[in-house]
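# Secondary and tertiary structure notes
Letter by letter, the chains look like this.
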Amino acid sequence: MKYLKENGSLPAIASTIVILLVIIIFFATGINREEEHRHVSLIVYGEDSERWENLRQGAELVCEEKNADISLITMMSENDAEEQKDIINRETEDGTDALIIAACNSSKIGSFIKNKKLRIPVVFVETTGSEEDMKCFAPDDYRMGYELGEELVDKESDIVTVSIVSENTERDSVALRRQGLMDAIENKVGRIIIWEKNEDSKNPNTRTFLQKELVSRATDVIVTFDNSTTDALMDALENLNKSSKVYSIATSDKAVYNLYNKRIKALSYTNEFSMGYLAAMYALDRSYSQKRYQDEVIDHRIVRKENMYDEDNQTLLFPFVD
Amino acid sequence: MPGFIRDGYKKRSLQWTISLSFTAISVISIAAMAIAFYTHSINTIRENTIKENEQIVDQVSWNLNSYIRNMMSISDTMCYSVIKNRNLTAERINKEMNLLYDANKDNLTSIVCATEDGAIVAASPVSSRKQGVDLKKQEWFTKACDEIENLHFSTPHVQNIFDNSNYRYFWVVSLSRNVELTYFGNVQNGVLLVDMNYSGIEQMFEKVNGGGVGFIYLCDGDGRIIYHPMQKAIYAGLVKENNKIHADHPDGAFSETFDGQERDVVVKTVGYTGWKIISVTPTSELAPDMGQMRNYMLMVAVIVLVLIIFGNYFISYVVTDPIRKLEESITYLEEGFTGNVMNEDDIFIGGSHEIRHLGRTIKSMIRQMRKLTDDMVREQKAKRKSELDALQSQINPHFLYNTLDSVVWMIEGERYKDAISMVTALAQLFRISLSKGNNIIPIKDEIIHARNYLNIQKVRFKNKFSAQIDIDPSIENCATIKLIVQPLLENAIYYGVEHMDGEGEIKIKGYEKDGDIYIAVSDNGMGIPEDTLATLLTDKARSRGKGSGIGLWNVNERIQTYFKGEYGLIIESELDEGTTVTIHLPKVPIDEYRKEDGSK
């Protein structure tokens, strides 16, 4: 060491060694550092967890890849925004790493999330959060409604009476679908009736409401825009043993079953598996601002009984159940 | 080598150059070695992974073959043991069919026997047929009818034959074949369908995909996917698979780049079905192993590198330190040259044999140089002495000639006493001139000498001039070069007072001023013209070789040779007024001079 000190080069060599060691540590820790285990909360509206099976599977596939686990959290009710806010609060307080939300009320949940200023990824699925800067993976709802309307106009006569079940319109997805359908059929059918539950109604149950409407009003075609309403309508028709032509936007097993049984004449169906997959990918991917997913619009298609077993449709309508 | 690198090298020390060069070579060598080793290791890992995957694929193939053979044996049993030659008009086949179904219901969804018109002859389990379903339009049926001699395996599809409550549906893989149905003794074609539960195949593959790297999937001969761990994502178009290419590939292992990902692929065809079991291992999934290997390599390389840097530095120090010390001693020596304190003992001798030899050689060289320098100095001194002697010898004949001329003149004039007196003075003059060989004598001797000279010249010039000598006693014992006053007197006589009309006057005044000694010889002669005065002490005066100049030049040269610097002659002259030539000497007592001279 004396030689080195004499020449004054010891600091230079020592610095070199330190730099090299830093590089080693950086590489060693960088390469071997395992991605930490994360948790994703998939918060959905409604109490039926099976209805979200496709969505969950899509998200779960990504979570397995990304070393994360996912919990599907349903509500006690269909569209109680306060309950959903409580769930969101609970999950964030429990330290979830990402939120995937199917909002029961777009504006309320959207503004709630915006005000919370969360530092974790928040992704909306199925329906937007009403706030422009919030990421959402959803089909083109207006287009879905419009195309279903075109199908209706195409397949039905121009004098039919069309009843539109206007439920859950606090969700942007439903409102947009209804708007699309209205734009497509306006002035192209005989009559349009809006079946809308009165806020003060003593019959909060949708099925009962629909049964009442079915009994009290004559209609040729009924249109529904979401799973719960479609399922309720199917139950109402079955209960009343009535057969109306139903055009629906839904993804439930019951809807598919009734499509086969011809109770539903045309079903606009979206790929919720993709929705879940992309939402989870967005939530868990380290490159958070990944442009790849920025403009993803979930595809949809209109299925009838005749084509429901086509190769493309059956993979959509009949997901593998593990 | 680029100029800037070359220049950089030139500017750096030898140790730095050696260290850097060795380190650079070491880094390159280690990097090359590490890369080679790493590449080899990675290739080994990949080869091992491929071998492992081949084994797994073989195992899966064996399991799948068993499963398929089992299904085929069910179909064969139904076909040959139950349906063939059975008069279906009178006998039912449901019982046997149910037995077979029950025995294999874990793997089966249903067994169906239908006529070529699509009418169901028998089915197990018993279930109501869906309204409006035309079996003839289903792929498994048409294939069985089109190629009656073969067994046909479909890709996974949702069974669309029987009604099912609770919205249940079944994903199945259909095994269909043509069978001969006997009615009333007539044989007609029919189709036997064995719907294998898709989940059986799915579970088989899920087990092998549960751990390890990569995945295994199954497709038919046309590349249509039967099982894939990302099947749903593939159906949704979210994930892509290179299944068409894989299906066309012969059995074996190969590498490919698909969707920007490098992958190792193993393909194996499943017996009768023509299905392909395909193992895919993205190279990136080997990263954990590769990462460990890379870390290890990096760690070893860095440690070795650090050791090499230290080693290089130490070795280069050991090698170059003696050279550096030698260089430093030579630098010191160079400084010593200018300071005249050169000492060859300061030359460093150490280090390796070569450097010691170099040091010794330089030392020897310095010694020789020093000897040469001393010799040169000595020679120079000798030369100067010789020159001085020559200068002095230039005086003696000159003066002797003049004096003897005077003596001759006296004898001719029969002034024998004067001649005797002059010769006596001359003898005294010569005695002082000799001064036992000393060039430096006391001023008092020089003045005696001058006085004798003046006495001689007075005789010669018939007392044409008077002389006064005034010497400060305090300087009488100080050193002077001998015979420097006499030439001045000679010039004063010959060129100052000789040609005067009146009596000439010569004064010698010796005094001390500002620590130096001045001996002024003045005359009241004609003086020296200004242009002559300017050249009196220059080489021109010497080159003239005659006249007053040569004597003065000689005296000045002798004073400067001995005492150097500012000492010498000062000549002041005014025409028709006279000339004063002043000797400027350092004040050095004669005893001190002799002591110093003796020590030298």
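Rules and cut-offs
Residues numbered from 1 in each chain as written. Chains lettered and ligands numbered in written order. Predicted model: local features only at pLDDT ≥ 70, side-chain atom pairs only at ≥ 80, totals over all residues. Helix = DSSP H or I, 4+ residues; strand = E, 2+ residues; numbered from the N terminus. Buried ≥ 20, exposed ≤ 12 C-beta atoms within 10 Å, placed from the backbone. Contact = placed C-beta atoms within 7 Å. Axes fitted to C-alpha atoms, helices over the stretch in contact; angles between N-to-C directions. Parallel < 35°, antiparallel > 145°, perpendicular 65-115°, else oblique. Left-handed = near helix turned anticlockwise from the far one by under 90°. Nonpolar A, V, L, I, M, F, W, Y, C, P; charged D, E, K, R; others polar. Core = buried A, V, L, I, M, F, W, Y, C linked by C-beta atoms within 7 Å. Pairing = 2+ DSSP bridges. Right-handed = clockwise from strand over helix to strand, strands pointing away. Arc of directions from axis to C-beta. pLDDT = per-residue confidence, 0-100.

Now for the overall build of chain B. Of the regular secondary structure elements, chain B holds 16 helices and 18 strands. By residue count, 32% of the 600 residues in chain B fall in the buried class. For chain B, restricting intrachain contacts to residue pairs at least 6 apart in sequence, the fraction spanning at least 24 positions comes to 65%.

What follows covers the overall build of chain A. Along chain A, the regular secondary structure elements total 12 helices and 11 strands. Going through the 322 residues of chain A one by one, you find that 46% of them count as buried. The long-range share in chain A, meaning contacts at least 24 apart out of those at least 6 apart in sequence, stands at 71%.

The next point concerns the packing of helix α2 (residues 14-83) of chain B against helix α3 (residues 94-103) of chain B. The description of two helices packed together rests on the angle between their axes and the distance between the axes. All names here are of chain B. Across the interface, α2 lies against α3 with an axial gap of 11 Å and an inter-helix angle of 160°. Overall, the two elements α2 and α3 adopt an arrangement that is roughly antiparallel. Between α2 and α3 the crossing geometry is right-handed. Residue-level inspection shows Ile74, Thr77, Met78 and Val82 of α2 in contact with α3, the latter providing Glu96, Met97 and Leu100. Residues belonging to the contact of α2 with α3 are distributed by class as follows: five nonpolar, one polar and one charged.

For the rest of this paragraph, the subject is the nonpolar core. In terms of nonpolar packing, the biggest core is built from 57 residues, with Ile111, Val194 and Leu218 of chain B touching the most fellow members. The leading source of residues in this core is α2 of chain B, at 10 residues. For Leu218 of chain B, the residues in contact, after removing those within four places along its chain, are Ile201, Phe205, Ile226, Tyr227, Trp275 and Ile277 of chain B. In this structure, Ile43, Ile113, Tyr282 and Ala283 of chain A belong to the second largest nonpolar core, which totals 46 residues.

What follows covers the sheet that holds strand β18 (residues 578-586) of chain B. All names here are of chain B. An order of β13-β15-β16-β18-β17 is seen for the five strands of this open sheet, with the pairing classed as mixed. Edge strands, defined here as strands with exactly one partner in the open sheet, are β13 (465-471) and β17 (568-574). In this sheet, neighbouring strand axes are inclined to one another by 15° on average, regardless of whether the strands run parallel or antiparallel. For strand β15 (residues 504-513) and strand β16 (residues 516-523), the ladder comprises eight bridges, and the chain directions are antiparallel. Directly across from Tyr511, in β16, lies its bridge partner Tyr518. Packing of helix α11 (residues 443-460) onto the sheet brings it into contact with β13 and β15, and relative to β13 it is tilted by some 170°.

Residues and elements named next belong to chain B. In this fold, Leu483 is placed in the loop between β14 (479-481) and α12 (485-497). Classification of Leu483 as buried rests on a count of 25 C-beta atoms within 10 Å. The spatial distance from the C-alpha of Leu483 to the C-alpha of Asn439 is 8.7 Å, given a sequence separation of 44 residues.

What follows is about the pairing of strand β9 (residues 245-249) of chain A. Residue and element names in this part refer to chain A. Counting buried positions over the five residues of β9 gives four, a clear majority of the element. As paired strands, strand β8 (residues 221-224) and β9 are joined by four bridges and run parallel to one another. The partner of Val223 across the bridge, within β9, is Tyr247. Traced from β8 through helix α9 (residues 227-240) to β9, the parallel crossover comes out right-handed.

Glancing now at unusual backbone geometry. Cis rather than trans, the peptide bond between Ser124 of chain B and Pro125 of chain B has omega equal to 0°. For Pro125 of chain B, the position within the fold is in the loop between β2 (120-124) and α4 (139-146). Backbone geometry places Asn67 of chain A, a non-glycine residue, at a positive phi of 55°. Classification of Asn67 of chain A as exposed rests on a count of 12 C-beta atoms within 10 Å. The phi dihedral of Leu483 of chain B falls on the positive side, at around 60°, and the residue is not glycine.

Residue and element names in this part refer to chain A. Between helix α6 (residues 141-155) and helix α7 (residues 172-185), whose axes approach to 6 Å, the crossing angle comes to 35°. When you trace α6 past α7, the crossing you get is right-handed. For the pair α6 and α7, contact is made by Asp141, Tyr142, Arg143, Met144, Gly145, Tyr146, Leu148, Gly149, Glu150, Leu152 and Val153 and by Ser173, Leu176, Arg177, Arg178, Gln179, Gly180, Leu181, Asp183, Ala184 and Ile185, respectively. Split into classes, the residues belonging to the contact of α6 with α7 amount to 10 nonpolar, five polar and six charged.

Residues and elements named next belong to chain A. Those residues of helix α5 (residues 106-116) not exposed but buried are Ser106, Ile109, Gly110, Phe112 and Ile113. Across the axial projection of α5, the buried residues extend over an arc of 165°, all falling on one side. The inward-facing, buried residues of α5 abut α4 (81-93), β3 (98-101), β4 (122-125) and α7. Positive phi appears at Lys117, one or two residues downstream of α5, with a value of about 50°.

Residues and elements named next belong to chain B. Judged by pairing direction, the sheet is antiparallel, and its five strands sit side by side in the order β8-β7-β11-β10-β9 without closing on themselves. The open sheet has two edge strands with one neighbour each: β8 (225-227) and β9 (252-258). Shown here is a sheet whose adjacent strand axes are inclined to one another by a mean of 35°, direction ignored. Looking at chain direction, strand β7 (residues 215-219) and strand β11 (residues 275-282) are connected through five bridges and run antiparallel. If you follow Ile216 over to β11, its bridge partner there is Ser279. Along the sheet face, α2 touches β7, β9, β10 (261-270) and β11 and points at about 30° away from the line of β10.

Model confidence for chain A is summarised by a mean pLDDT of 84, while 83% of its residues fall at 70 or above. Mean pLDDT values over the elements of chain A span from 50, in helix α1 (residues 2-7) of chain A, up to 95, in β8 of chain A.

Mean pLDDT over chain B works out to 82, with 90% of the residues at or above the 70 mark. Here the predicted complex carries an ipTM of 0.82, next to a pTM of 0.64.

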